[in-house]
Amino acid sequence: KNCANGQSTFVGGGTCNTATGTCATILAGSFGTASGTDSIVGAGKCNTACGAHSAIIGGCINKICGATSCNSTIVGGLSSCITGKFNFVGSGTQNYISNTEGTAVVGGTKNRTEADNAFIGGGCCNIVDSNSCASFVGSGCSNRLTNAADSILIGGASNCIASSSKSFIGGGDSNCVSSAAGSVIVGGASNCTLAACAAVVGGSGNKACVALAAVVG
């Protein structure tokens with residue numbers, strides 16, 4: 001049984017759907033909830049759109065929730081959650097955008113961002129913390145940006161940019177830019193930069209410890 005219990009609400013079909021927000025809409029699916037003003041649940045199962053002017057197109061167990069959440073979208077996938085404003089999750093599983101504005105996770109699994117205007121393209125278990133606004137993670141696995149505003153990490157595994165704004169890691173494995181604003185690691189493994197505006201191009205186990213230093217490989 002479906003329930004449309006609010007001003008100008010609409011439930012088109014499906015089963016056990018509930019629309020309670022003003023002008024809320026559920027088109028199909030099952031066990032969906034649209035409680036935000038002008039919220040939409042397209043289809044899927046157990047999707048919940050609590051944020052005003054928010055939309056969940058499909059998938060299962062996706063949520064847009066929170067007292068200040070609004071104007072966000074989840075296209076599909078499983079068990080993803082958005083809190084905040086003007087955010088986007090494309091698909092994937094267990095992706096999480098927390099209390100941000102203007103942030104996107106396109107896909108992947110268990111990716112998480114807490115920063116405004118941040119982007120995660122895909123991969124798994126990538127994390128962007130709340131002090132890494134306007135940053136970018138392309139893909140890869142278990143990469144992390146911590147206090148790394150305006151930084152870019154293209155991919156790879158277990159790479160990190162920490163306490164280093166405007167820095168870059170192209171890929172590789174276990175590379176780290178630490179307390180080294182404006183530094184670059186192109187690739188390789190277990191390379192690190194420890195001073196501002198330093199660079200490591202590639203190789204393994206290389207360290208750039210002095211500002212403006214460069215290690216080729």
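Before any of the text, the structure's been laid out above.
The notes below deal with the structure included here. (Residues numbered from 1 in each chain as written. Predicted model: local features only at pLDDT ≥ 70, side-chain atom pairs only at ≥ 80, totals over all residues. Heavy atoms only, no water.)

1. Some words on the side chain of Ser135
By the secondary structure assignment, Ser135 is in the loop between β17 (127-128) and β18 (136-137). Residue classification places Ser135 among the buried positions, given a relative accessible area of 2%. Leaving out residues up to four positions away in the same chain, Ser135 has contacts with Asn117, Ala118, Phe119, Val128, Leu145, Ala148, Asp150 and Ser151. (Helix = DSSP H or I, 4+ residues; strand = E, 2+ residues; numbered from the N terminus. Buried < 20%, exposed > 50% of the residue type's maximum accessible area, 1.4 Å probe, protein only. Contact = heavy atoms within 4.5 Å.)

2. What to know about the packing of aromatic side chains
Within the structure shown, the criterion is met by one aromatic pair. Aromatic pair Phe119 and Phe136: ring centres 5.1 Å apart, planes at 5 degrees, arrangement stacked. Placement of the pair is Phe119 in strand β16 (residues 119-120) and Phe136 in strand β18, with a sequence separation of 17 residues. A residue is classified by how much of its surface remains accessible, and Phe136, at 29% relative accessible area, is partly exposed. (Phe/Tyr/Trp six-rings, centres within 6.5 Å; stacked < 30°, edge-to-face > 60°.)

3. Re the pattern of salt bridges
On inspection of all chains with the given rule, the structure shows two salt bridges. Here Arg112 ties to Glu114 by a salt bridge, and the two come within 2.9 Å at their closest N and O atoms. Under the relative-accessibility criterion, Arg112 is labelled partly exposed at 29%. With a shortest N-O distance of 3.7 Å, Asp150 and Lys166 are connected by a salt bridge. Remark: Lys166 occurs in the loop between β21 (160-162) and β22 (168-169) and Asp150 occurs in the loop between β19 (144-146) and β20 (152-153); sequence separation between them is 16 residues. (Salt bridge = Lys/Arg side-chain N within 4 Å of Asp/Glu carboxyl O.)

4. Some thoughts on the nonpolar core
Formed by 31 residues in total, the largest nonpolar core has its most connected members in Val128, Leu145 and Ile161. Excluding anything up to four places from it in sequence, Ile161 contacts Arg144, Leu145, Thr146, Ala148, Ser151, Ile152, Leu153, Ser167, Phe168, Ile169 and Val177. (Core = buried A, V, L, I, M, F, W, Y, C linked by side-chain atoms within 4.5 Å.)

5. Let's talk about the pairing of strand β11 (residues 81-85)
Regular strands place side chains that alternate from one sheet face to the opposite one. Burial of β11 is extensive: four of the five residues sit out of reach of the surface. Inspection of the sheet shows strand β9 (residues 63-64) paired to β11 by two bridges, in the parallel sense. Residue pairing in the sheet places Ile64 in a bridge with Ile82 of β11. Two elements, β11 and strand β13 (residues 96-101), share four bridges in a ladder whose sense is parallel. Residue pairing for β13: Cys81 is matched across the bridge by Tyr96. (Pairing = 2+ DSSP bridges.)

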